[in-house]
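Tertiary structure, described
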Amino acid sequence: SKTNKIDEAEVHDSSDDYHVILEGETTYIIGGKLVNPREIRPGEWRSEKIEGGERISVKKGDVIFVPRGTVHQRDSTGKSVKYQI
């Protein structure tokens, strides 16, 4: 669960993500590239922000599929969201 926050941007080299929005709403930024990425564990990269990417609003009941190798970030600024990965 996250509230009023911009999560770090990330990309996974060898695993897909499914995010289920359980309550509230948030915005995902999908695509683009990581700015100054760092590898936090083998095959998982993080960054403070994304260059480029598309903003997608999601709400309760939505499911986001993020294929491996796809940059993504959650921006819940001013919003409240509960999600499951």
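The following paragraphs examine the structure supplied in this document. The shown structure was predicted, so the numbers you read here are calculated from the model rather than taken from an experiment.

Turning to the pattern of salt bridges, a few remarks are in order. Opposite charge on two side chains allows them to pair when their charged atoms are near. Applying the stated criterion across every chain yields a total of eleven salt bridges. With a shortest N-O distance of 3.8 Å, E51 and K33 are connected by a salt bridge. Taken as a pair, E51 in strand β7 (residues 50–51) and K33 in strand β4 (residues 33–34) lie far apart in primary sequence, 18 residues in all. Using a relative accessible area of 46% as the deciding quantity, one classes E51 as partly exposed. The residue R41 makes a salt bridge to E44 at a minimum N-O spacing of 2.6 Å. In this structure E44 comes out as buried when scored by relative accessible area, which is 9%. Linked through salt bridges whose partners overlap, the residues forming this network are E8, E10, R38, R41, E44 and R46.

Once that is clear, we can look at the environment of I40. Along the chain, I40 turns up in strand β5 (residues 38–41). Look at I40 and you get partly exposed, because its relative accessible area is 35%.

Burial of the side chains of strand β11 (residues 80–84) is restricted to one face: V81 and Y83 are buried, whereas none of S80, K82 and Q84 on the reverse face is. Two elements, strand β3 (residues 17–30) and β11, share four bridges in a ladder whose sense is antiparallel. Bridge pairing in β11 links I21 to Y83.

Definitions and limits used
- Residues numbered from 1 in each chain as written.
- Predicted model: local features only at pLDDT ≥ 70, side-chain atom pairs only at ≥ 80, totals over all residues.
- Heavy atoms only, no water.
- Salt bridge = Lys/Arg side-chain N within 4 Å of Asp/Glu carboxyl O.
- Helix = DSSP H or I, 4+ residues; strand = E, 2+ residues; numbered from the N terminus.
- Buried < 20%, exposed > 50% of the residue type's maximum accessible area, 1.4 Å probe, protein only.
- Pairing = 2+ DSSP bridges.

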